[in-house]
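Residue-level listing of the chains:
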Amino acid sequence: PVLSRYLLGIYLSPFSLCLGSFLAVLLMNYFLRLFNVAVTKGIAVSWIFLCFAKLAPYFLSLALPMAFLVALLLTLGQLSESGEVLALRASGYSFKELLKPYFAVALCLSAALFFVNNWASPWGFHAFRESYADAVAQVSRLDFEPRALTRLGDWDFFSDEVDPGDGSLKGVRLIKRQGGYARLRIAAPSGQALLIQRKGLRLDLNDGQLAWPNEDPKSHTTAGFRRSELFIPFSDSGRALREPEIQEYTSVELKARAADPAVDPQRQREYSTEAALRSAGAFAPLALFLVACPLGLSLERRAKAIGFAMSLGVLFGYYGLLAVGLGLGRRGGELALVAPWFANIAALVTAGVLWRRLLSR
(Lines give C-alpha, C1' and ligand atoms only; values in the text may rest on other atoms or scores of the structure.)
Protein backbone atom coordinates (compact mmCIF):
# COMPACT_ATOMS: atom_id res chain seq x y z
CA PRO A 1 0.00 0.00 0.00
CA VAL A 2 2.81 2.43 0.83
CA LEU A 3 4.54 1.75 -2.47
CA SER A 4 1.26 2.06 -4.38
CA ARG A 5 0.50 5.41 -2.76
CA TYR A 6 3.98 6.65 -3.60
CA LEU A 7 3.75 5.55 -7.24
CA LEU A 8 0.27 7.05 -7.64
CA GLY A 9 1.43 10.30 -6.02
CA ILE A 10 4.16 10.64 -8.64
CA TYR A 11 1.70 9.85 -11.42
CA LEU A 12 -1.28 12.06 -10.53
CA SER A 13 0.47 15.41 -11.05
CA PRO A 14 1.49 14.84 -14.70
CA PHE A 15 -1.83 13.12 -15.39
CA SER A 16 -3.82 16.12 -14.12
CA LEU A 17 -1.62 18.52 -16.08
CA CYS A 18 -1.91 16.49 -19.29
CA LEU A 19 -5.66 16.05 -18.93
CA GLY A 20 -6.20 19.77 -18.39
CA SER A 21 -3.95 20.66 -21.33
CA PHE A 22 -5.62 18.24 -23.74
CA LEU A 23 -9.12 19.39 -22.72
CA ALA A 24 -8.12 23.04 -23.11
CA VAL A 25 -6.74 22.43 -26.61
CA LEU A 26 -9.83 20.50 -27.70
CA LEU A 27 -12.28 23.02 -26.23
CA MET A 28 -10.38 25.99 -27.69
CA ASN A 29 -11.40 24.74 -31.12
CA TYR A 30 -14.99 25.68 -30.19
CA PHE A 31 -14.28 28.79 -28.12
CA LEU A 32 -14.00 31.36 -30.92
CA ARG A 33 -17.15 30.10 -32.62
CA LEU A 34 -19.13 30.14 -29.38
CA PHE A 35 -17.75 33.55 -28.39
CA ASN A 36 -18.73 34.97 -31.78
CA VAL A 37 -22.29 33.65 -31.42
CA ALA A 38 -22.56 35.01 -27.86
CA VAL A 39 -21.41 38.49 -28.90
CA THR A 40 -23.52 38.60 -32.05
CA LYS A 41 -26.70 37.39 -30.37
CA GLY A 42 -26.21 39.28 -27.11
CA ILE A 43 -25.99 36.11 -25.00
CA ALA A 44 -24.31 36.09 -21.59
CA VAL A 45 -20.75 34.75 -21.50
CA SER A 46 -21.91 32.14 -18.98
CA TRP A 47 -23.60 30.38 -21.92
CA ILE A 48 -20.14 29.57 -23.32
CA PHE A 49 -19.12 27.82 -20.09
CA LEU A 50 -22.42 25.95 -20.07
CA CYS A 51 -21.64 24.72 -23.59
CA PHE A 52 -18.18 23.66 -22.43
CA ALA A 53 -19.78 21.63 -19.63
CA LYS A 54 -22.02 19.88 -22.16
CA LEU A 55 -19.08 19.17 -24.47
CA ALA A 56 -16.80 17.91 -21.68
CA PRO A 57 -17.90 14.22 -21.88
CA TYR A 58 -17.44 14.27 -25.66
CA PHE A 59 -13.84 15.50 -25.35
CA LEU A 60 -13.06 13.30 -22.34
CA SER A 61 -13.36 10.27 -24.62
CA LEU A 62 -10.26 11.58 -26.44
CA ALA A 63 -8.42 13.39 -23.65
CA LEU A 64 -8.47 10.63 -21.01
CA PRO A 65 -6.54 7.97 -22.99
CA MET A 66 -4.03 10.54 -24.26
CA ALA A 67 -3.42 12.01 -20.81
CA PHE A 68 -3.11 8.53 -19.29
CA LEU A 69 -0.48 7.44 -21.81
CA VAL A 70 1.65 10.60 -21.70
CA ALA A 71 1.57 10.76 -17.89
CA LEU A 72 2.42 7.06 -17.60
CA LEU A 73 5.45 7.26 -19.87
CA LEU A 74 6.66 10.44 -18.15
CA THR A 75 6.29 8.78 -14.74
CA LEU A 76 8.01 5.55 -15.74
CA GLY A 77 10.72 7.57 -17.45
CA GLN A 78 11.30 9.55 -14.26
CA LEU A 79 11.49 6.37 -12.18
CA SER A 80 13.90 4.75 -14.63
CA GLU A 81 16.08 7.82 -14.99
CA SER A 82 16.44 8.24 -11.20
CA GLY A 83 17.30 4.56 -10.75
CA GLU A 84 14.24 3.84 -8.60
CA VAL A 85 13.04 1.03 -10.84
CA LEU A 86 16.42 -0.69 -10.56
CA ALA A 87 16.48 -0.19 -6.78
CA LEU A 88 12.97 -1.55 -6.33
CA ARG A 89 13.75 -4.54 -8.52
CA ALA A 90 16.88 -5.21 -6.47
CA SER A 91 14.75 -5.05 -3.30
CA GLY A 92 12.63 -7.94 -4.56
CA TYR A 93 9.69 -6.09 -6.14
CA SER A 94 8.44 -7.58 -9.40
CA PHE A 95 7.21 -5.65 -12.44
CA LYS A 96 3.70 -6.78 -11.51
CA GLU A 97 3.95 -5.08 -8.10
CA LEU A 98 5.42 -1.91 -9.60
CA LEU A 99 2.76 -1.60 -12.28
CA LYS A 100 -0.24 -2.71 -10.24
CA PRO A 101 -1.42 0.83 -9.28
CA TYR A 102 -1.16 2.01 -12.89
CA PHE A 103 -3.11 -1.01 -14.10
CA ALA A 104 -5.82 -0.11 -11.57
CA VAL A 105 -5.93 3.42 -13.01
CA ALA A 106 -6.20 2.03 -16.56
CA LEU A 107 -9.01 -0.29 -15.49
CA CYS A 108 -10.96 2.54 -13.82
CA LEU A 109 -10.52 4.81 -16.82
CA SER A 110 -11.73 2.10 -19.20
CA ALA A 111 -14.83 1.54 -17.07
CA ALA A 112 -15.48 5.29 -17.01
CA LEU A 113 -14.94 5.59 -20.76
CA PHE A 114 -17.38 2.78 -21.43
CA PHE A 115 -20.11 4.89 -19.85
CA VAL A 116 -18.85 8.16 -21.32
CA ASN A 117 -18.52 6.86 -24.89
CA ASN A 118 -21.83 5.03 -25.00
CA TRP A 119 -24.11 7.38 -23.05
CA ALA A 120 -22.66 10.53 -21.45
CA SER A 121 -20.90 11.81 -24.57
CA PRO A 122 -23.98 11.45 -26.87
CA TRP A 123 -26.23 13.07 -24.26
CA GLY A 124 -23.84 15.97 -23.76
CA PHE A 125 -23.18 16.48 -27.47
CA HIS A 126 -26.91 16.43 -28.21
CA ALA A 127 -27.56 19.01 -25.47
CA PHE A 128 -24.78 21.18 -26.91
CA ARG A 129 -26.13 20.98 -30.47
CA GLU A 130 -29.63 21.90 -29.29
CA SER A 131 -28.32 24.82 -27.24
CA TYR A 132 -26.16 26.02 -30.12
CA ALA A 133 -29.03 25.79 -32.62
CA ASP A 134 -31.29 27.74 -30.25
CA ALA A 135 -28.63 30.42 -29.83
CA VAL A 136 -28.08 30.78 -33.57
CA ALA A 137 -31.85 31.15 -34.06
CA GLN A 138 -32.03 33.99 -31.54
CA VAL A 139 -32.25 37.59 -32.72
CA SER A 140 -31.14 40.46 -30.50
CA ARG A 141 -31.99 43.32 -32.86
CA LEU A 142 -33.83 43.87 -36.12
CA ASP A 143 -33.00 46.51 -38.69
CA PHE A 144 -36.03 46.54 -40.98
CA GLU A 145 -35.59 48.20 -44.33
CA PRO A 146 -38.61 49.66 -46.13
CA ARG A 147 -39.89 47.62 -49.07
CA ALA A 148 -37.55 44.72 -48.21
CA LEU A 149 -38.67 41.15 -47.56
CA THR A 150 -37.50 39.88 -44.15
CA ARG A 151 -37.77 36.28 -42.98
CA LEU A 152 -38.91 35.85 -39.37
CA GLY A 153 -39.32 32.26 -38.22
CA ASP A 154 -42.20 30.77 -40.22
CA TRP A 155 -43.15 34.16 -41.69
CA ASP A 156 -42.09 36.51 -44.47
CA PHE A 157 -42.46 40.16 -43.44
CA PHE A 158 -42.80 43.22 -45.71
CA SER A 159 -43.52 46.89 -44.97
CA ASP A 160 -43.68 49.93 -47.27
CA GLU A 161 -42.43 52.29 -44.54
CA VAL A 162 -40.54 51.65 -41.29
CA ASP A 163 -39.77 54.14 -38.55
CA PRO A 164 -36.70 52.81 -36.65
CA GLY A 165 -37.38 55.18 -33.76
CA ASP A 166 -40.77 54.03 -32.49
CA GLY A 167 -41.22 50.94 -34.67
CA SER A 168 -44.27 52.28 -36.52
CA LEU A 169 -45.10 50.58 -39.80
CA LYS A 170 -47.11 51.38 -42.91
CA GLY A 171 -48.27 49.02 -45.62
CA VAL A 172 -47.61 45.80 -43.70
CA ARG A 173 -47.84 42.38 -45.37
CA LEU A 174 -47.18 38.96 -43.83
CA ILE A 175 -47.16 35.49 -45.38
CA LYS A 176 -46.79 32.28 -43.34
CA ARG A 177 -44.41 29.94 -45.16
CA GLN A 178 -44.74 26.77 -43.08
CA GLY A 179 -46.19 25.24 -39.93
CA GLY A 180 -49.84 25.49 -38.94
CA TYR A 181 -52.02 27.71 -41.16
CA ALA A 182 -49.34 27.73 -43.85
CA ARG A 183 -49.96 30.28 -46.65
CA LEU A 184 -51.96 32.48 -44.30
CA ARG A 185 -51.66 36.10 -45.47
CA ILE A 186 -52.13 39.25 -43.40
CA ALA A 187 -52.23 42.83 -44.68
CA ALA A 188 -52.68 46.05 -42.73
CA PRO A 189 -52.25 49.73 -43.67
CA SER A 190 -50.51 50.56 -40.38
CA GLY A 191 -49.08 48.98 -37.26
CA GLN A 192 -46.23 48.95 -34.80
CA ALA A 193 -43.39 46.48 -34.14
CA LEU A 194 -41.93 45.68 -30.72
CA LEU A 195 -38.86 43.47 -30.44
CA ILE A 196 -38.84 41.03 -27.51
CA GLN A 197 -35.19 40.22 -26.95
CA ARG A 198 -34.13 36.77 -28.21
CA LYS A 199 -37.75 35.58 -28.30
CA GLY A 200 -39.65 37.14 -31.14
CA LEU A 201 -41.45 40.13 -32.62
CA ARG A 202 -44.81 41.49 -31.45
CA LEU A 203 -46.87 43.25 -34.10
CA ASP A 204 -49.85 45.52 -33.33
CA LEU A 205 -51.78 45.89 -36.60
CA ASN A 206 -54.73 48.16 -37.36
CA ASP A 207 -57.68 47.92 -39.81
CA GLY A 208 -56.25 44.94 -41.65
CA GLN A 209 -57.37 41.83 -43.46
CA LEU A 210 -56.31 38.21 -43.38
CA ALA A 211 -56.77 35.46 -45.95
CA TRP A 212 -56.11 31.75 -45.70
CA PRO A 213 -56.46 29.05 -48.38
CA ASN A 214 -59.27 26.52 -48.45
CA GLU A 215 -59.08 22.92 -49.63
CA ASP A 216 -59.80 24.24 -53.10
CA PRO A 217 -56.54 25.96 -54.12
CA LYS A 218 -58.49 28.43 -56.26
CA SER A 219 -60.48 29.80 -53.32
CA HIS A 220 -59.65 31.34 -49.95
CA THR A 221 -61.37 32.74 -46.89
CA THR A 222 -60.98 36.37 -45.90
CA ALA A 223 -61.77 38.33 -42.76
CA GLY A 224 -61.18 41.85 -41.51
CA PHE A 225 -60.08 43.18 -38.14
CA ARG A 226 -59.83 46.58 -36.49
CA ARG A 227 -56.91 45.69 -34.27
CA SER A 228 -54.79 42.54 -33.96
CA GLU A 229 -51.80 41.52 -31.85
CA LEU A 230 -49.50 38.94 -33.44
CA PHE A 231 -46.40 37.37 -31.91
CA ILE A 232 -43.81 35.88 -34.30
CA PRO A 233 -41.14 33.68 -32.64
CA PHE A 234 -37.72 33.82 -34.21
CA SER A 235 -37.30 30.03 -34.28
CA ASP A 236 -39.38 28.47 -37.02
CA SER A 237 -41.33 25.21 -36.82
CA GLY A 238 -38.73 23.50 -39.00
CA ARG A 239 -36.26 23.91 -36.16
CA ALA A 240 -37.59 20.74 -34.51
CA LEU A 241 -36.88 18.76 -37.68
CA ARG A 242 -33.10 19.01 -37.34
CA GLU A 243 -31.54 15.65 -38.13
CA PRO A 244 -29.31 14.62 -35.20
CA GLU A 245 -25.68 13.97 -35.97
CA ILE A 246 -24.33 10.47 -35.47
CA GLN A 247 -22.45 11.60 -32.33
CA GLU A 248 -25.81 12.49 -30.70
CA TYR A 249 -27.16 8.95 -30.69
CA THR A 250 -26.45 6.64 -27.77
CA SER A 251 -24.99 3.26 -28.65
CA VAL A 252 -28.35 1.59 -27.98
CA GLU A 253 -29.99 3.95 -30.47
CA LEU A 254 -27.21 3.37 -32.99
CA LYS A 255 -27.67 -0.39 -32.85
CA ALA A 256 -31.44 -0.02 -33.21
CA ARG A 257 -31.03 2.17 -36.29
CA ALA A 258 -28.43 -0.19 -37.73
CA ALA A 259 -30.91 -3.06 -37.44
CA ASP A 260 -33.76 -1.07 -39.01
CA PRO A 261 -34.34 -2.37 -42.58
CA ALA A 262 -35.83 0.99 -43.56
CA VAL A 263 -32.46 2.72 -43.03
CA ASP A 264 -30.11 3.07 -45.99
CA PRO A 265 -27.42 0.29 -45.98
CA GLN A 266 -24.61 2.84 -46.00
CA ARG A 267 -26.08 4.55 -42.95
CA GLN A 268 -26.49 1.16 -41.28
CA ARG A 269 -22.76 0.53 -41.69
CA GLU A 270 -21.96 3.96 -40.28
CA TYR A 271 -24.15 3.34 -37.23
CA SER A 272 -22.66 -0.11 -36.62
CA THR A 273 -19.10 1.16 -37.00
CA GLU A 274 -19.68 4.09 -34.65
CA ALA A 275 -21.15 1.79 -31.97
CA ALA A 276 -18.18 -0.58 -32.28
CA LEU A 277 -15.73 2.33 -32.22
CA ARG A 278 -17.11 3.55 -28.89
CA SER A 279 -16.63 0.15 -27.26
CA ALA A 280 -13.15 -0.21 -28.75
CA GLY A 281 -12.21 3.29 -27.59
CA ALA A 282 -13.24 2.43 -24.03
CA PHE A 283 -10.44 -0.15 -23.91
CA ALA A 284 -7.83 2.38 -25.05
CA PRO A 285 -6.31 2.93 -21.55
CA LEU A 286 -5.79 -0.81 -21.06
CA ALA A 287 -4.31 -1.26 -24.54
CA LEU A 288 -2.02 1.75 -24.14
CA PHE A 289 -1.00 0.55 -20.65
CA LEU A 290 0.27 -2.73 -22.08
CA VAL A 291 2.35 -0.91 -24.71
CA ALA A 292 3.60 1.95 -22.52
CA CYS A 293 4.88 -0.11 -19.58
CA PRO A 294 7.64 -2.07 -21.36
CA LEU A 295 8.66 1.09 -23.23
CA GLY A 296 8.89 3.17 -20.05
CA LEU A 297 10.69 0.51 -18.01
CA SER A 298 13.36 0.07 -20.67
CA LEU A 299 14.35 3.76 -20.64
CA GLU A 300 17.48 4.92 -18.86
CA ARG A 301 19.16 8.17 -19.92
CA ARG A 302 17.12 11.23 -20.85
CA ALA A 303 14.14 9.04 -20.08
CA LYS A 304 11.58 11.81 -19.59
CA ALA A 305 12.28 13.47 -22.95
CA ILE A 306 12.38 10.14 -24.77
CA GLY A 307 9.23 9.01 -22.95
CA PHE A 308 7.34 12.10 -24.09
CA ALA A 309 8.44 11.53 -27.70
CA MET A 310 7.46 7.87 -27.45
CA SER A 311 4.01 8.79 -26.13
CA LEU A 312 3.39 10.99 -29.17
CA GLY A 313 4.47 8.19 -31.49
CA VAL A 314 2.22 5.65 -29.76
CA LEU A 315 -0.72 8.07 -29.85
CA PHE A 316 -0.28 8.76 -33.56
CA GLY A 317 -0.04 5.05 -34.29
CA TYR A 318 -3.00 4.07 -32.12
CA TYR A 319 -5.41 6.76 -33.27
CA GLY A 320 -4.19 6.39 -36.84
CA LEU A 321 -5.26 2.75 -36.74
CA LEU A 322 -8.58 3.78 -35.18
CA ALA A 323 -9.16 6.14 -38.11
CA VAL A 324 -8.25 3.40 -40.60
CA GLY A 325 -10.61 0.98 -38.85
CA LEU A 326 -13.38 3.57 -38.91
CA GLY A 327 -12.95 4.07 -42.65
CA LEU A 328 -12.84 0.34 -43.39
CA GLY A 329 -15.90 -0.31 -41.24
CA ARG A 330 -17.96 2.29 -43.07
CA ARG A 331 -16.99 0.91 -46.46
CA GLY A 332 -17.49 -2.81 -45.89
CA GLY A 333 -20.49 -4.30 -44.16
CA GLU A 334 -18.65 -7.34 -42.83
CA LEU A 335 -15.94 -5.20 -41.23
CA ALA A 336 -18.26 -2.71 -39.54
CA LEU A 337 -18.11 -4.48 -36.17
CA VAL A 338 -14.47 -5.64 -36.39
CA ALA A 339 -12.43 -2.87 -38.04
CA PRO A 340 -12.64 -0.39 -35.11
CA TRP A 341 -10.86 -3.00 -32.96
CA PHE A 342 -7.77 -3.12 -35.23
CA ALA A 343 -5.95 -0.53 -33.06
CA ASN A 344 -6.47 -2.58 -29.88
CA ILE A 345 -5.42 -5.79 -31.62
CA ALA A 346 -2.26 -4.10 -32.93
CA ALA A 347 -1.56 -2.76 -29.42
CA LEU A 348 -1.81 -6.27 -27.93
CA VAL A 349 0.57 -7.71 -30.54
CA THR A 350 3.06 -4.87 -30.05
CA ALA A 351 2.85 -5.22 -26.27
CA GLY A 352 3.60 -8.94 -26.52
CA VAL A 353 6.78 -8.26 -28.52
CA LEU A 354 7.92 -5.46 -26.18
CA TRP A 355 7.32 -7.48 -23.02
CA ARG A 356 9.22 -10.47 -24.43
CA ARG A 357 12.22 -8.26 -25.15
CA LEU A 358 12.09 -6.63 -21.69
CA LEU A 359 11.80 -9.92 -19.78
CA SER A 360 14.55 -11.58 -21.81
CA ARG A 361 17.16 -9.09 -20.63
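Summary of the structure given here.

Conventions used here
- Residues numbered from 1 in each chain as written.
- Predicted model: local features only at pLDDT ≥ 70, side-chain atom pairs only at ≥ 80, totals over all residues.
- Heavy atoms only, no water.
- Phe/Tyr/Trp six-rings, centres within 6.5 Å; stacked < 30°, edge-to-face > 60°.
- Helix = DSSP H or I, 4+ residues; strand = E, 2+ residues; numbered from the N terminus.
- Buried < 20%, exposed > 50% of the residue type's maximum accessible area, 1.4 Å probe, protein only.
- Lys NZ or Arg CZ within 6 Å of the ring centre and 35° of its normal.
- Patch = residues over 30% accessible without salt bridge, like charges linked within 9 Å, V, L, I, M, F, W, Y side chains within 5 Å.
- Areas by Shrake-Rupley, 256 points an atom, 1.4 Å probe, with all protein chains shown as cover.
- Salt bridge = Lys/Arg side-chain N within 4 Å of Asp/Glu carboxyl O.
- Pairing = 2+ DSSP bridges.
- Axes fitted to C-alpha atoms, helices over the stretch in contact; angles between N-to-C directions.
- Parallel < 35°, antiparallel > 145°, perpendicular 65-115°, else oblique.
- Left-handed = near helix turned anticlockwise from the far one by under 90°.
- Contact = heavy atoms within 4.5 Å.
- Nonpolar A, V, L, I, M, F, W, Y, C, P; charged D, E, K, R; others polar.

## A few points about the packing of aromatic side chains
Here is step 1 of the chain: Tallied over the entire structure, the rule returns 20 aromatic pairs.
Here is step 2 of the chain: Arranged with centres 5.6 Å apart and planes meeting at 20 degrees, the rings of Tyr 11 and Phe 15 form a pair that is stacked. Taken together, the residues span about one helical turn, with Tyr 11 and Phe 15 both in helix α1 (residues 2-41) at a distance of 4 residues.
Here is step 3 of the chain: Of the residues examined, Phe 15 reaches a relative accessible area of 12% and is grouped as buried.
Here is step 4 of the chain: One Lys or Arg, Arg 89, reaches over the ring of Phe 95 and ends 4.1 Å from the middle of that ring.

## Quick word on a nonpolar patch on the surface
Here is step 1 of the chain: Residues Val 324, Leu 328, Leu 335, Leu 337 and Val 338 make up a contiguous nonpolar surface patch of roughly 390 Å² in combined accessible area.
Here is step 2 of the chain: Among the secondary structure elements, Val 338 is positioned in the loop between α8 (303-331) and α9 (342-359).

## Focus on the sheet that holds strand β6 (residues 220-233)
Here is step 1 of the chain: Taken in spatial order, the 6 strands line up as β1-β2-β3-β4-β5-β6 in an open sheet, and their pairing is antiparallel. Edge positions in the open sheet fall to β1 (150-152) and β6, since each of these has one partner strand only. Within this sheet the neighbouring strands show an average axis-to-axis angle of 35 degrees, counted without direction.
Here is step 2 of the chain: For β1 and strand β2 (residues 155-162), the ladder comprises 3 bridges, and the chain directions are antiparallel. Residue pairing across strands places Leu 152 opposite Trp 155, the latter belonging to β2.

## Details of the environment of Leu 12
Here is step 1 of the chain: For Leu 12, the position within the fold is in helix α1.
Here is step 2 of the chain: A relative accessible area of 45% means that Leu 12 is categorised as partly exposed.
Here is step 3 of the chain: Each C-alpha atom, one on Leu 12 and one on Leu 72, is 9.4 Å from the other, the two residues being 60 residues apart in sequence.

## A closer look at the pattern of salt bridges
Here is step 1 of the chain: Going through the model one piece at a time under the given rule, you end up with 10 salt bridges.
Here is step 2 of the chain: Taking the shortest distance from any N to any O, the salt bridge between Asp 204 and Arg 202 comes out at 3.2 Å.
Here is step 3 of the chain: Arg 202 sits in the partly exposed class, given a relative accessible area of 31%.

## Quick word on unusual backbone geometry
Here is step 1 of the chain: Of note in this structure, Arg 147 is not a glycine but carries a positive phi near 55 degrees.
Here is step 2 of the chain: Counting through the fold element by element, Arg 147 comes out in the loop between α4 (95-137) and β1.
Here is step 3 of the chain: Arg 147 sits in the exposed class, given a relative accessible area of 58%.
Here is step 4 of the chain: One non-glycine residue, Arg 183, lies in the positive phi region at around 75 degrees.

## Description of the packing of helix α2 (residues 46-81) against helix α7 (residues 284-297)
Here is step 1 of the chain: For the pair α2 and α7, the least separation of the axes is 9 Å and the interaxial angle reads 20 degrees. Judged by the inter-axis angle, α2 sits roughly parallel to α7. Two packed elements cross with a definite hand, and for α2 against α7 that hand is right-handed. Of the residues in α7, those touching α2 at Pro 65, Phe 68, Leu 69, Leu 72, Leu 73, Leu 76, Gly 77 and Ser 80 are Ala 284, Pro 285, Leu 288, Phe 289, Ala 292, Cys 293, Leu 295, Gly 296 and Leu 297.
Here is step 2 of the chain: Counted by class, the contact of α2 with α7 contains 14 nonpolar, 3 polar and no charged residues.

## Some words on the pairing of β2
The two faces of the sheet receive side chains in turn, since in a regular strand these alternate between them.
Here is step 1 of the chain: Once β1 ends, the chain turns through 2 residues before running back antiparallel as β2, passing Gly 153 with a positive phi of about 60 degrees.
Here is step 2 of the chain: Here β2 pairs with strand β3 (residues 168-176) via 7 bridges, running antiparallel. Paired with Phe 157 across the bridge in β3 is Leu 174.
Here is step 3 of the chain: Where β2 hands over to β3, the hairpin turn is made up of 5 residues, of which Gly 167 adopts a positive phi near 75 degrees.

In short, geometric facts, not functional conclusions.
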